[in-house]
Amino acid sequence: MAKLGSVEHTEEKVESELQPPNMYKVVLNNDDYTPMDFVIEVLRRFFNMNEDKATDIMLAIHYKGKGLCGTYSAEIAETKVDQVLRFAKENQHPLKCTMEQS
Ligand code: TYC
């Protein structure tokens, strides 16, 4: 690993350091049981959406089967998925949340 401020960057190392991280889509899946208001709360709480945006996305998921909540680096996407699944479990809803490389 090159030190910060080092003048000894090889071409290969400079290139590898400049690669953007892999990004992941965080997706919510529709189901027949989770209340619409709960999904809106999830979208507001964990994906920082306002009421209107959260309602639009929730309805898109309801009618199309799944929907994009956001795109993040691996660690942040994993954290979002964990937070959603924990919150759904705590409230005894079957809501499923997954991530896929984008
Ligand atoms: N289909 C659910 C209902 O009719 C609402 C819902 C929307 C559930 C989005 C999950 O990711 C979801 N209560």
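Small disclaimer: the values here were computed from a predicted structure and weren't measured. (Residues numbered from 1 in each chain as written. Predicted model: local features only at pLDDT ≥ 70, side-chain atom pairs only at ≥ 80, totals over all residues. Heavy atoms only, no water.)

J.: Could you clarify how one ought to interpret the nonpolar core in this entry?
T.: One broad rule of soluble globular proteins: the nonpolar side chains tend to lie buried together. Membership of the largest hydrophobic core comes to 24 residues, with the highest contact counts inside it found for Val26, Leu28, Val42, Leu43, Phe47, Val84 and Leu95. Of all the secondary structure elements, the ones that give two or more residues to this core are β1 (23-29), α2 (36-47), α3 (51-64), β2 (66-73) and α4 (74-90). The biggest single contributor to this core is α2, with 7 residues. Excluding residues within four positions of it along the chain, leucine 95 makes contact with Leu28, Asn29, Asp31, Thr34, Phe38, Val39, Val42, Val84, Leu85 and Ala88. (Core = buried A, V, L, I, M, F, W, Y, C linked by side-chain atoms within 4.5 Å. Buried < 20%, exposed > 50% of the residue type's maximum accessible area, 1.4 Å probe, protein only. Helix = DSSP H or I, 4+ residues; strand = E, 2+ residues; numbered from the N terminus. Contact = heavy atoms within 4.5 Å.)

J.: Can you help me understand the site of the ligand in this one?
T.: Every residue close to the ligand is listed here: Asn29, Asn30, Asp31, Thr34, Met36, Val39, Met58, Ile61, His62 and Leu95. Note that a nitrogen atom of the ligand is positioned 2.8 Å from one of the side-chain N or O atoms of asparagine 30. Separating a nitrogen atom of the ligand from a backbone N or O atom of threonine 34 is a distance of 2.9 Å. Calculation on the ligand without its partners gives an accessible area of 350 Å², and the protein chains cover 89% of this total. Mapped by element, the contributors of at least two residues to the shell around the ligand are α2 and α3. Considering every element that reaches the shell around the ligand, the biggest residue donor is α3, with 3 residues. For the shell around the ligand, a count of residues per class yields 5 nonpolar, 4 polar and 1 charged. (Near = heavy atom within 4 Å. Polar contact = N/O pair within 3.5 Å; in protein donor to acceptor, adjacent residues only side chain to side chain. Areas by Shrake-Rupley, 256 points an atom, 1.4 Å probe, with all protein chains shown as cover. Nonpolar A, V, L, I, M, F, W, Y, C, P; charged D, E, K, R; others polar.)

J.: What am I meant to see in the sheet that holds β1 here?
T.: By definition, the strands of a sheet pair up through backbone hydrogen bonds, in either a parallel or an antiparallel sense. Read from one edge to the other, the open sheet built from 3 strands follows the order β2-β1-β3, with strand pairing classed as antiparallel. Every other strand in the sheet has two partners, leaving β2 and β3 (96-101) as the edge strands with one partner each. Along the sheet, successive strands turn relative to each other by an average axial angle of 25 degrees, direction set aside. In this sheet, β2 lies alongside β1 in antiparallel orientation, the contact comprising 7 bridges. Looking across to β2, one finds that leucine 28 is bridged to glycine 67. Against the sheet, α2 engages β1 and β2, with an angle of about 160 degrees to β1. (Pairing = 2+ DSSP bridges. Axes fitted to C-alpha atoms, helices over the stretch in contact; angles between N-to-C directions.)

J.: Explain the environment of glutamate 75 to me, please; I cannot follow it from the model alone.
T.: With respect to the element layout, glutamate 75 can be found in helix α4. Spatially, the C-alpha atom of glutamate 75 lies 9.4 Å from that of tyrosine 24, the residues being 51 residues apart in sequence.

J.: Mind showing me how you'd approach unusual backbone geometry here?
T.: One can expect most non-glycine residues to show negative phi and most peptide bonds to be in trans. Of note, asparagine 48 is a non-glycine position whose phi angle comes to about 55 degrees, a positive value. Structurally, the position occupied by asparagine 48 is in the loop between α2 and α3. Residue glutamine 92 is not a glycine yet carries a positive backbone phi of 60 degrees. A relative accessible area of 73% means that glutamine 92 is categorised as exposed.

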